Amino acid sequence: MERFDAVDVIRTKRDREVLSDDQIDWVIDAYTRGVVADEQMASLAMAIFLNGMNRHEIARWANAMIASGERMDFSSLPRPTSDKHSTGGVGDKITLPLAPLVASFGVAVPQLSGRGLGHTGGTLDKMEAIKGWQANISNEQMYRQLGTGSGAIICAAGSGLAPADKKLYALRDITSTVECIPLIATSIMSKKIAEGTGSLVLDVKVGSGAFMKNIEDARDLAHTMVDLGTDAGVNTVALLSDMSVPLGLTIGNALEVRESVEVLAGGGPDDVVELTLALAREMLTAAGQPDADPEAALKDGRAMDAWREMVSEQGGDPDAPLPVATHQEDVLADRDGVLTDVDALKVGVASWRLGAGRARKEDPVQAGAGIELFARPGDRVTKGQKIATLHTDTPDRFERAKESLHGTLTIDPGGQPTPRESVVLERIRH
């Protein structure tokens, strides 16, 4: 005999009332067990989308999703743990240099990551461009790598963490309830809290290439997630970062690995370096090292050493050449002037159409596909100058990719060069 009826729970939220703790616990458990049907949970998700949830409801919803599966415990590790989560964007390769950089200071970084879908890239897809690298590892290897190995791990999350979220996320994707702050926040934080990290830094993207298109929504999401982490006893802080233009100069799996290695070697684009260092300082501070200097670790080789060890531990060859697409096509400036617009969403969609991303989660990706940029907004360019190169193994994809770029990579003949602004917009903590 079930304690509640799904129709009554839906009616409660439909009528703008507050769900009780028992209602939330039951509906998440019953949905995971298959007692609550997809159409009923879809109706409840839409009621939450329209009517919202208060802070207590959000916290209870997250806890119920955590309780639907296993929890990891890193308290026995000889190193403190700190993790990062990004809400996703175009050219967002930050995890790759960040995890070994923080680990080079003796902090364990359990970076459980996902694959790309649509215009946003996936960290696992990027890492799989490295010859031999394996995303799926055992819990035993994870603890060994974090405890006595490199200290950093980038791997696929096990199916046992918050299985209710996996089921609900797939439903939200087909019922137009993805862009709902309570449901986004609980989806992200249930997995991160179940993961067992001691501290967490959130990179909440804002702009055309992000879920959150305006700063008010991004701020609201960040506050909600920081509150959830704090209430769960996880030291949590959030940075808002700009995703109106792509991050760095490369979009695509192997291209982004190459750029990440450039950062680890002490170079790389300014915005990638800035955000990597900002997140590293937050993670190191949360792990008890507020005076650590991550910039020095990029310059003296410590971060690169940790990267090579991390890649090797998961079967990868850090010296192997990265895949290169078999076909390239350049995009040239059609006039003299200043590049005024490189829209993150349009560039992300173009890269996806070249083969760097997938439309369905089971689709393959091309490791070498993507877009390489040679100018950023505010840069002066001359007619005929190469401003981008498109990469793909299937040249019939070029036309659709160029259609996606229509209306961006625009040049103002009378424009004045402008300095680049900080990619970090705000810092939010409890």
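Cut-offs used in this document
Every chain's residues receive numbers from 1 upward, in the order its sequence appears when written. Reporting of local features is limited, given that this is a predicted model, to residues whose pLDDT is at least 70; pairs of side-chain atoms are given and counted only at 80 or more, and all residues count toward the totals for whole chains, interfaces and linings. Computation of side-chain values covers all heavy atoms of the structure but excludes hydrogens and water. Two strands are said to pair when DSSP picks up at least two bridges between them. In DSSP terms, a helix is any run of H or I states spanning at least four residues, a strand is any run of E spanning at least two, and both are numbered starting from the N terminus. Axis definition: a line fitted to C-alpha atoms, limited for helices to the stretch in contact. Angles are taken between N-to-C directions and run from 0 to 180 degrees. The classification of residues rests on relative accessible area computed with a 1.4 Å probe and restricted to protein chains. Under 20% of the type maximum is buried, over 50% is exposed, and intermediate values are partly exposed. The definition of a right-handed crossover adopted here requires that, viewed with the strands pointing away, the path from the first strand over the helix to the second runs clockwise. We define a polar contact as two N or O atoms separated by no more than 3.5 Å, with the added condition that, inside protein, one atom must be a possible hydrogen donor and the other a possible acceptor, whereas residues neighbouring each other in sequence contribute only through side-chain atom pairs. A contact between two residues is defined here by any heavy atoms of the two lying within 4.5 Å. Angular relationships are summarised with four words: roughly parallel below 35 degrees, roughly antiparallel beyond 145, roughly perpendicular across 65 to 115, and oblique for the angles in between. Left-handed describes a crossing whose near helix is turned anticlockwise from the far helix through less than a right angle; right-handed describes the clockwise counterpart. Ten residue types, Ala, Val, Leu, Ile, Met, Phe, Trp, Tyr, Cys and Pro, are classed as nonpolar, four, Asp, Glu, Lys and Arg, as charged, and the remainder, Gly among them, as polar. Salt bridges are counted wherever a side-chain nitrogen of Lys or Arg sits within 4 Å of a carboxyl oxygen of Asp or Glu. Note on terminology: a nonpolar core comprises buried Ala, Val, Leu, Ile, Met, Phe, Trp, Tyr and Cys residues joined through side-chain atoms within 4.5 Å. Pairing of aromatic side chains here covers Phe, Tyr and the six-membered ring of Trp, requires ring centres within 6.5 Å, and sorts the geometry by plane angle: under 30 degrees stacked, over 60 edge-to-face, intermediate tilted. Any helix carries an expected span of 1.5 Å times its number of residues minus one.

> A description of the sheet that holds strand β8 (residues 337-341) should follow, citing residues and the corresponding values.
Strand order in the open sheet formed by three strands is β10-β8-β12, with antiparallel pairing between adjacent strands. Looking at which strands have only one partner, the edges of the open sheet turn out to be β10 (380-381) and β12 (410-412). For β8 and β10, the ladder comprises two bridges, and the chain directions are antiparallel. Looking at the pairing, G337 lines up with V381 of β10.

> Tell me about the sheet that holds strand β13 (residues 424-429), residues and numbers included.
Within a sheet, neighbouring strands are paired by backbone hydrogen bonds and run either parallel or antiparallel to one another. What the four strands build is an open sheet, ordered β1-β4-β5-β13; its pairing is mixed. Of all the strands in the sheet, the pair left with one neighbour each is β1 (83-86) and β13. Between one strand axis and the next, the sheet turns through 20 degrees on average, direction left out of account. Taken together, the eight bridges between strand β4 (residues 199-206) and strand β5 (residues 235-242) define a ladder with parallel strand orientation.

> Report on the pairing of β5, specifying residues and quantitative values.
Of all eight residues making up β5, six are buried, and the element is well covered by its neighbours. Considered for its hand, the β-α-β crossover made up of β4, helix α10 (residues 215-231) and β5 is right-handed. Pairing of β5 with β13, which is carried by five bridges, proceeds in the antiparallel orientation. By the bridge assignment for β13, L240 is matched with E426.

> Give a description of the side chain of S86 that names residues and reports values.
Positionally, S86 belongs in strand β1. Look at S86 and you get buried, because its relative accessible area is 16%. Separated by 3.0 Å, the side chain of S86 and the backbone nitrogen of G88 make a polar contact. There is a polar contact of 2.6 Å between the side chain of S86 and the side chain of D92. Residue contacts for S86: discarding those within four places in its chain leaves D92, D203 and K205.

> Explain the packing of helix α4 (residues 55-67) against helix α9 (residues 181-195) to me, using residue names and the numbers behind them.
Look at α4 against α9: their axes get within 9 Å of each other, and the N-to-C directions meet at 45 degrees. With respect to α9, the axis of α4 lies oblique. For the pair α4 and α9, the sense of crossing is right-handed. Facing I58, W61, A62, M65 and I66 of α4, the residues of α9 in contact are P182, L183, T186, S187, S190, I193 and A194. Of the residues that constitute the contact of α4 with α9, the class distribution is nine nonpolar, three polar and no charged.

> I'd like a description of the pattern of salt bridges, backed by residues and values.
The full count for this structure, using the stated rule, is 28 salt bridges. Residue K192 is joined to D83 by a salt bridge in which the shortest nitrogen-to-oxygen separation is 2.7 Å. Taken together, the residues K192 in helix α9 and D83 in strand β1 connect sequence positions 109 residues apart. The same class applies to K192 as to D83, namely buried. One connected set of salt bridges, linked through shared partners, spans E2, D29 and R33.

> Any details on the nonpolar core? Residues and values, ideally.
It is characteristic of soluble globular proteins that their nonpolar side chains tend to be buried jointly. Among the nonpolar cores identified, the biggest contains 69 residues, and L101, V102, M127, W133, W307 and I371 are the most heavily contacted of them. No other element matches the nine residues that helix α12 (residues 270-286) contributes to this core. Ignoring anything within four residues of it in the chain, the contact list for M127 reads L96, W133, I154, W307, M310 and V311. Among the nonpolar cores identified, the runner-up in size contains 62 residues, and C155, L171, L202 and M225 belong to it.

> How would you summarise the packing of aromatic side chains if you had to cite specific residues and measurements?
In total, this model carries two aromatic pairs according to the counting rule given. Their ring planes at 55 degrees and their centres at 6.0 Å tell us that F4 and W26 sit as a pair that is tilted. A residue pair is termed long-range when its members are at least 10 positions apart, and F4 in the segment before α1 (6-14) and W26 in helix α2 (residues 21-33) qualify at 22 residues. The class for F4 is partly exposed, based on a relative accessible area of 27%. Note on F74 and Y143: the rings are 5.3 Å apart at their centroids and 50 degrees apart in plane angle, and the pair reads as tilted. Remark: Y143 occurs in helix α7 (residues 139-147) and F74 occurs in the loop between α4 and β1; sequence separation between them is 69 residues.

> Give a description of helix α15 (residues 344-356) that names residues and reports values.
Each α-helix winds once per 3.6 residues, and so residues spaced three or four apart point in a common direction. The end-to-end C-alpha separation of α15 is 15 Å, well short of the 18 Å expected for 13 residues at 1.5 Å each. Looking at α15, one finds that the buried residues are A344, V347, G348, V349, A350, S351, L354, G355 and A356. Contacts made by the buried residues of α15 are with β6 (250-251), α11 (253-264), β9 (370-373), β11 (386-392) and α16 (398-404). The backbone nitrogen of L345 has a side-chain oxygen 3.1 Å away, supplied by the residue at the start of α15, namely D343.

> Please give an account of the environment of T230 that cites residues and values.
Structurally, T230 can be placed in helix α10. Sequence separation between T230 and D22 is 208 residues, and the spatial gap between their C-alpha atoms is 22 Å. Within the local environment of T230, its side chain forms a polar contact with the backbone oxygen of V226, the two atoms lying 2.8 Å apart.

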